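# Coordinate inspection notes
The lines below spell out each chain.
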Amino acid sequence: MASSVWKGHLTFGLVSFPIRLFSAARGETISFNLLHKDDHSRIKQVTFCQKEDKPVPRSELVKGYEYEKDRYVVIDDEDIKKVAPKTAKVMEILEFVKSDQVDPIYLESSYYVAPDEGGEKPYALLFQALRESKFYALAKVAMHNREHIIVLRPGAKGILSHTMYFQDEIRQVEEFRTDTSLVKDKELEMAKMLISSLEADFEPQKYHDQYRENLTKMIEDKIEGKKVVEAPAEHVAPVIDIMEALRKSLAERKPAQAATAAAHAGEAVAVEEAAPKKRARKSKAG
């Protein structure tokens, strides 16, 4: 059984039942230790007291909040427990919102929500209701020394939850904007055809961290005394002609679609070239 990161009761209306949260995902990376360059001995981090000019053990450390320059108030774990809100033990559903209204940019960490002993039936009821109604629940919970708004949504096997960024935590970047007036119809048509040619079912097991795999291989080679071979760099040239780049992309994917796209593009170009001539003749006749 996986260890839970939060345990308490989930409430909505007058319904309340015990649940547990389990971490649903975690990033995987290769970590390195710091060594002394001369003898390759492990470097140890030391907590150091500036005033007494000596290292101190972790057992002598306490939490402090700096309220003025170099002035601190000491906070211990009992103080934190005393001011913890009721959401430290109770996850209260505040409202239900349409699933398509939740922008994924607000979703932070992911958790599995599992019923605790005695909560199986109301848990199953909420899961089925969420799944059939296409609604997500927004709840409030305190964990990891802060209060979170959490999104509850139906997954394939049960309820999933995601801590949610608050509005003021979402960065508003002025450069993040799009001028769609730059897009031409024929370019858009071919771009859609390229999307169609790359269409596939979502199968996350197909994807791997190539960088982590390369690091693992490099480490194994160095352990065995082999020479590390540099990975070939990919040359990316800037796109000068979007239509030509789209045609080539389609040709690499599906020749039949490329021919169709090229024909459509040729027709569009012919129409554009013919239009001025027709207007010229009309002007001359007038």
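Coordinates for the structure precede this section.
So, here is what we can say about the structure in this document.

Moving on: helix α2 (residues 120-133). Between the first and last C-alpha of α2 there are 20 Å, a value that for 14 residues agrees with the 20 Å anticipated at 1.5 Å per step. Residues of α2 that are buried include every one of P122, Y123, L126, F127 and L130, and no others. When α2 is viewed along its axis, its buried side chains cluster within an angular range of 140° and face the same direction. In α2, those exposed residues whose orientation departs by more than 90 degrees from the buried face are K121, L125 and E132. Looking one or two places after α2, you find K134, whose phi comes out positive at around 65°.

With that settled, consider the sheet that holds strand β11 (residues 159-164). In a beta sheet, neighbouring strands are held together by backbone hydrogen bonds and run either parallel or antiparallel to one another. With respect to topology, seven strands assemble into a closed barrel ordered β1-β2-β8-β11-β10-β9-β7, the strand pairing being mixed. With strand direction ignored, the average angle separating the axes of adjacent strands in the sheet is 40°. Note: strand β1 (residues 6-12) against strand β7 (residues 90-98), three bridges, orientation parallel. Directly across from T11, in β7, lies its bridge partner E92.

Counting across every chain of the model gives one aromatic pair. Aromatic side chains F12 and F96 sit 6.4 Å apart centroid to centroid with 85° between the ring planes, which places their arrangement in the edge-to-face category. Highlighted residues: F12 in strand β1 and F96 in strand β7, separated in sequence by 84 residues. We classify F96 as partly exposed; its relative accessible area is 39%.

Basis of the calculations
- Residues numbered from 1 in each chain as written.
- Predicted model: local features only at pLDDT ≥ 70, side-chain atom pairs only at ≥ 80, totals over all residues.
- Heavy atoms only, no water.
- Helix = DSSP H or I, 4+ residues; strand = E, 2+ residues; numbered from the N terminus.
- Expected span 1.5 Å × (residues − 1).
- Buried < 20%, exposed > 50% of the residue type's maximum accessible area, 1.4 Å probe, protein only.
- Arc of directions from axis to C-beta.
- Pairing = 2+ DSSP bridges.
- Axes fitted to C-alpha atoms, helices over the stretch in contact; angles between N-to-C directions.
- Phe/Tyr/Trp six-rings, centres within 6.5 Å; stacked < 30°, edge-to-face > 60°.

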